[in-house]
Amino acid sequence: MRLLMAIFLPPIVFFTINRPFQGIFCAFLWLTVIGWPVAAIWAVYSLSQYRNEELRRDMDYGRRYSRYR
């Protein structure tokens, strides 16, 4: 769902991943016709980085509180 949102409404994605200043800048970029593809690519890239950070945090949490170290 967020991937489709990143393509069609790029600024919204930044607000959902707690990056409001990037969302505001992306909104200005998104409003221009030439900047819309750039904003969409930027939103997809940021979303993938956010997912990687979440996975890394989950793995670190599991490793830190694991029974078998």
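Presented here is a report on the structure given in the accompanying data block. In this numbering scheme, every chain counts its residues from 1 along its sequence in written order. Per-residue local features are limited, in this predicted model, to residues with pLDDT of at least 70; the limit for side-chain atom pairs, both in listing and counting, is 80 or more; totals at the level of whole chains, interfaces and linings are taken over all residues. Side-chain metrics rest on all non-hydrogen atoms present in the structure, leaving aside hydrogens and water.

## Here we look at the overall build of the protein
Inference 1: A count of helical and extended segments in the protein gives four helices and zero strands.
Inference 2: Partly exposed describes any residue whose relative accessible area lies between the buried limit of under 20% and the exposed limit of over 50%, with all areas from a 1.4 Å probe on protein chains only and scaled to the type maximum. Within the protein, the proportion of its 69 residues that are buried is 22%.
Inference 3: Contact between two residues is taken to exist if any of their heavy atoms lie within 4.5 Å; hydrogens are not considered. Of the contacts made within the protein by residues no fewer than 6 positions apart, 47% connect residues no fewer than 24 positions apart.
Inference 4: Note on areas: these come from Shrake-Rupley sampling with a 1.4 Å probe, and a residue is covered only by the protein chains present in the view. Of the roughly 5,500 Å² of accessible surface on the protein, 67% is carried by carbon and sulfur atoms. By definition, any uninterrupted DSSP run of H or I lasting at least four residues is a helix, any uninterrupted run of E lasting at least two residues is a strand, and each is numbered from the N terminus.

## Re a nonpolar patch on the surface
Inference 1: The grouping of L3, L4, I7, F8, L9, I12 and W36 at the surface amounts to a nonpolar patch, some 620 Å² of accessible area in total.
Inference 2: Considering every element that reaches the nonpolar patch, the biggest residue donor is helix α1 (residues 2-8), with four residues.
Inference 3: Here L9 shows up in the loop between α1 and α2 (10-16).
Inference 4: The class for L9 is partly exposed, based on a relative accessible area of 39%. In this analysis, a patch consists of residues with relative accessible area above 30% that form no salt bridge, clustered at 9 Å for like charges and at 5 Å for the nonpolar side chains Val, Leu, Ile, Met, Phe, Trp and Tyr. Whenever Lys or Arg places a side-chain nitrogen within 4 Å of a carboxyl oxygen from Asp or Glu, that contact is recorded as a salt bridge.

## Side note on the pattern of salt bridges
Inference 1: Considering all chains together, one arrives at one salt bridge under this definition.
Inference 2: For E53, the salt bridge goes to R19, with nearest N and O atoms at 3.7 Å. Placement of E53 in helix α4 (residues 35-64) and of R19 in the loop between α2 and α3 (20-30) is noted, with a sequence separation of 34 residues between them.
Inference 3: The class of E53 is partly exposed, set by a relative accessible area of 31%.

## Some points on the side chain of S46
Inference 1: Looking at where S46 falls in the secondary structure, it is placed in helix α4.
Inference 2: Every residue in contact with S46, bar those within four places of it in the chain, is listed here: F14, I17 and R19.

## Brief notes about the packing of aromatic side chains
Inference 1: What counts as a ring pair is set by centres within 6.5 Å for rings of Phe, Tyr and Trp (its six-membered ring), and what kind of pair is set by the plane angle: stacked under 30 degrees, edge-to-face over 60, tilted for all other angles. According to the stated counting rule, one finds two aromatic pairs in the structure shown.
Inference 2: With centroids separated by 4.8 Å and ring planes inclined at 50 degrees, the aromatic side chains of F14 and W42 adopt a geometry described as tilted. You can see F14 sitting in helix α2 and its partner W42 sitting in helix α4, a full 28 residues away along the chain.
Inference 3: Residue W42 is classed as partly exposed on the basis of its relative accessible area, which comes to 23%.
Inference 4: On the basis of an interplanar angle of 75 degrees and a centroid distance of 5.9 Å, the ring pair of F25 and W42 is categorised as edge-to-face. Here W42 lies in helix α4 and F25 lies in helix α3, a separation of 17 residues in the sequence.
Inference 5: Among the aromatic side chains, those forming a connected cluster through ring pairs are F14, F25 and W42.

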